[in-house]
Structure formats: structure tokens, C-alpha cells
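# Chain and residue survey
Each chain, written out:
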Amino acid sequence: MTTPKKVCVVGSGNWGSAIARIVGLNVERNSKFHPTVAMWVFEELVNGRKLTEIINAEHENIKYLPGHKLPDNVVAVADLSEAVSHADVLLFVIPHQFIHKVCDTMQGKIKPDAFGMSFIKGVDESPSGLKLISAVIRDKLGISVSVLMGANIANEVAEGKFCETTIGCKDKDQGTLLKELMQTDHFRVTVVEEAEVVEICGALKNIVAVGAGFCDGLGFGDNTKAAVIRLGLMEMVAFTRLFCSAHSVSPATFLESCGIADLITTCYGGRNRRVADAFARTGRSLEELEKEMMNGQKLQGPATAAEVHVLLEQKALLDQFPLFNAVYEICFEGRPVTDFISCVQNHPAHL
Ligand SMILES: NC(=O)c1ccc[n+]([C@@H]2O[C@H](COP(=O)([O-])OP(=O)(O)OC[C@H]3O[C@@H](n4cnc5c(N)ncnc54)[C@H](O)[C@@H]3O)[C@@H](O)[C@H]2O)c1
Ligand SMILES: O=P(O)(O)OC[C@H](O)CO
């Protein structure tokens with residue numbers, strides 16, 4: 001008999017906590033997994049108490065996923081090295097901005113035969129180029145890394161409202177095990193092989209969601225948003241073909257939950273949309289609005305627009321990605337938000 005696999009959730013934000021909730025319930029009824037789940041918490045004080053102590057006493061992450069109990073077998077751990085040291089399966093669920101620091105701390109602390117799955121929607125940009133977050137983890141920790149992306153607004157998932165999701169995994173046995181770890185009656189998992197496409201979809205849809213939020217804030221309607229979604233999807237497909245040229249990129253993957261479905265849900269119900277809407281309405285800075293509206297949660301869309309912009313500029317391809325470029329220029333270069341509509345009106349798809 002094989003030893004049950006220990007799972008550690010690296011992260012405890014809005015999505016991290018919703019994932020810990022699913023995983024905690026699933027491991028209890030599956031003997032392939034150890035019945036206790038460690039959840040790494042970036043320690044902070046909430047109402048004068050340590051967040052780890054609150055979670056372990058009240059079984060609720062009252063800051064990032066209030067109103068939803070975590071199963072008792074999810075144990076919050078503040079020390080990252082301690083949290084990951086016994087894990088066979090590492091689930092990475094942190095805002096993409098923090099991945100380097102977290103992996104650096106984990107180096108030399110994990111089991112050599114551990115493997116990972118990333119739930120992180122974003123990309124990494126450095127002087128050596130644009131990289132998938134799974135590749136950062138793989139390179140820093142020397143482990144295999146799959147991904148899980150989908151139309152999954154954390155609060156809705158925690159409420160048990162039905163949704164689908166996509167695991168991108170190249171190893172059939174690992175894919176089957178990860179599906180067993182994640183799937184519930186309300187959270188249906190499809191496993192596909194094109195892991196790079198799954199992951200890049202998860203990152204790029206956040207840029208489009210910022211554009212959708214601009215349109216909402218400017219007072220445009222659902223037809224306009226549908227146009228933004230369509231044009232954004234075209235740019236997502238084109239960018240994926242460019243970025244993943246060494247891998248297979250099939251249209252079918254964009255039809256999975258990680259593709260069109262995630263794009264739609266984010267453009268209607270996501271945080272990137274909500275803050276971009278407020279930005280267009282008020283003219284206040286994104287930084288200020290993020291602080292005020294998100295209670296410590298982090299936006300991924302504007303940073304991803306900036307990271308993608310570097311590559312497009314280097315390759316002199318900005319004119320082929322006017323929607324991505326407009327989101328970047330409005331967020332970071334003072335371009336008026338009202339220009340977003342003319343960018344959509346003059347999109348090369350209409351020429
Ligand atoms: N929230 C969602 O609905 C949702 C759904 C699907 C995917 N995702 C993706 O999952 C990833 C994680 O999102 P989330 O919603 O769990 O996070 P979040 O937006 O709730 O971010 C807050 C988390 O970041 C942590 N944090 C703050 N400073 C930190 C630091 N210096 N180092 C490490 N951690 C720090 C906080 O402690 C908290 O746990 C993101 O890439 C996001 O795009 C989110
Ligand atoms: O709230 P957002 O904009 O970070 O999006 C959340 C999820 O990625 C939706 O699947």
C-alpha cells in the first residue's frame with residue numbers, strides 16, 4: 001500500500017482559502033491522501049490577533065474568506081519552511097507578485113519527490129524574458145508543476161455554487177490524482193495536456209477584465225462588453241500562439257473553463273473588473289482603489305498588462321495587440337481612459 005500523500009496549500013488569500021476548503025473536505029474521504037492539510041499563511045494581525053491563531057481556533061479566514069468555515073483538518077502554519085517540509089503535493093495559491101520570494105524560501109526545504117500545482121493567474125517578467133509562473137516554480141524548486149485555472153470566483157466556489165475548472169497536466173497519473181484531490185459535485189474538473197495554454201489563458205483574461213471594467217465605468221453596455229470579450233479573446237489566442245510557439249495550441253483548449261468561461265466570469269464578476277470600473281468612474285489611482293476596495297486582496301490584471309507589454313514592445317508587436325496595449329497605457333502611462341473605446345472601435349479585427 002502506498003503512503004497517503006500529504007498536501008500543503010501555499011497561500012491563504014481569497015482563492016487560497018477556498019481551495020483549502022475543498023482540499024480539506026476531499027482528503028478526509030480519500031485514503032490516497034493524508035487527512036491533515038497544512039495551509040501556509042502570510043502572518044498578519046487581524047483585530048489585534050495573529051491570523052494563524054484565528055484560523056486554527058475559529059476555522060475561518062475572517063479576513064480573506066469571511067463567512068465560510070474551513071474544515072478542522074486544515075491547519076494554518078505561519079512558518080513557510082515548516083508548512084511545506086512534509087508535503088508530497090504543493091498547491092501554490094498566492095498573488096503572482098510574491099512567487100519569487102516564496103520559492104526562494106522553500107528552496108532546500110521540500111521533499112525531493114514532491115510535485116506541485118499552480119492556481120496562480122499571472123506571468124513573470126525579468127531581464128531573461130517572460131515566463132509562466134509554473135516555470136518559475138519548476139526552475140527554482142526542481143519539481144514538476146501542473147496548473148488549475150477556470151471560471152472560478154472564489155466566493156462563489158466557497159458558497160458551493162456549481163462551476164467547472166481545468167487542470168493542465170502532462171502526466172496522466174498525476175492528472176488523475178490531482179483531479180481526485182480537487183473535484184467535488186460543485187467543482188467539476190477537466191484535465192487537459194496543454195498546460196501552457198491553460199496557464200496563459202488564466203493570466204491574459206485579467207488584462208481583458210480591466211478593459212471590461214473601463215467600459216462599465218464609462219457607462220457602456222453589455223453589447224460593448226461582449227465586443228471587448230471577443231476582441232480580448234482574439235488577442236489572447238494570438239498572444240498564446242506567439243508565446244507558446246514551441247507547444248501545441250489547440251482551439252479546443254480555449255473552449256475549456258480556463259478559456260472563454262473564465263474570460264466571461266472575470267469580465268462580469270471579478271475584482272479586476274470592479275476596480276477598473278471605479279477607476280474609470282472616479283479618476284482615482286488604481287493603487288488607492290485597490291487598497292480601499294480589496295481589504296488586502298491583490299489585483300493581477302494591471303501588473304500582467306505591464307509584464308506582457310514588455311514582450312510586445314521588444315517584438316514590435318504592440319499594434320497587433322491594441323486592447324492589451326491600451327489597458328497598459330491607461331493603467332501606467334496616463335492615457336485617458338476614454339481612449340479605450342476608440343481603441344476598440346479601431347481594432348485591426350474591423351479593418
Ligand atoms: N480570488 C479569486 O476569486 C481567484 C480565483 C481564481 C484564481 N485566483 C488567482 O489565485 C491567486 C491568489 O489569489 P487569492 O485570491 O488567493 O489572493 P488575494 O488576492 O486574496 O491576496 C491576498 C493574499 O496575499 C497574501 N500576501 C500579502 N502580502 C504577501 C507577501 N508579501 N508575500 C506572500 N503573500 C502575501 C495575503 O496574506 C493574502 O493571503 C492569484 O493569482 C489570483 O489571480 C483568484
Ligand atoms: O477577481 P479576479 O478579477 O482576480 O478574477 C477571479 C478569478 O480569476 C475568476 O476566475
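What counts and what doesn't
Residues numbered from 1 in each chain as written. Chains lettered and ligands numbered in written order. Predicted model: local features only at pLDDT ≥ 70, side-chain atom pairs only at ≥ 80, totals over all residues. Heavy atoms only, no water. UniProt positions renumbered as here; feature names shortened; annotations may be inferred. Helix = DSSP H or I, 4+ residues; strand = E, 2+ residues; numbered from the N terminus. Buried < 20%, exposed > 50% of the residue type's maximum accessible area, 1.4 Å probe, protein only. Contact = heavy atoms within 4.5 Å. Near = heavy atom within 4 Å. Polar contact = N/O pair within 3.5 Å; in protein donor to acceptor, adjacent residues only side chain to side chain. Areas by Shrake-Rupley, 256 points an atom, 1.4 Å probe, with all protein chains shown as cover. Nonpolar A, V, L, I, M, F, W, Y, C, P; charged D, E, K, R; others polar.

As named in an unreviewed UniProt entry, the chain is Glycerol-3-phosphate dehydrogenase [NAD(+)], taken from Electrophorus voltai. As its UniProt record puts it under Subunit (unreviewed entry), the chain is described as follows: "Homodimer." Of the comments in the UniProt record for the chain, the one headed Function (unreviewed entry) reads "Has glycerol-3-phosphate dehydrogenase activity."

## Topic: the UniProt feature "binding site: NAD(+)" (unreviewed entry) in the chain
According to UniProt, the feature "binding site: NAD(+)" (unreviewed entry) maps to G11, S12, G13, N14, W15, G16, F42, F98, A154, R271, K298 and Q300 in the numbering used here. Positionally, F98 belongs in the loop between β6 (89-92) and α4 (99-106). Here Q300 lies in the loop between α13 (286-294) and α14 (301-314). Taking the relative accessible area as the measure of exposure, Q300 reaches 8% and is therefore buried. Not counting the four nearest positions on each side in its chain, Q300 is found in contact with P95, H96, Q97, K121, N206 and N272.

## Here's the deal with the site of ligand 1
Close to ligand 1 lie 24 residues; N14, W15, K121, A154 and K298 are nearest. Within the backbone of G16, an N or O atom sits 3.1 Å from an oxygen atom of ligand 1. Backbone polar atom of F119 to an oxygen atom of ligand 1: 3.4 Å apart, as the coordinates give it. Taken by itself ligand 1 offers 840 Å² of open surface, and the protein chains cover 90% of this. With 3 residues, helix α1 (residues 14-28) is the single largest residue contributor to the shell around ligand 1. Split by residue class, the shell around ligand 1 holds 12 nonpolar, 8 polar and 4 charged.

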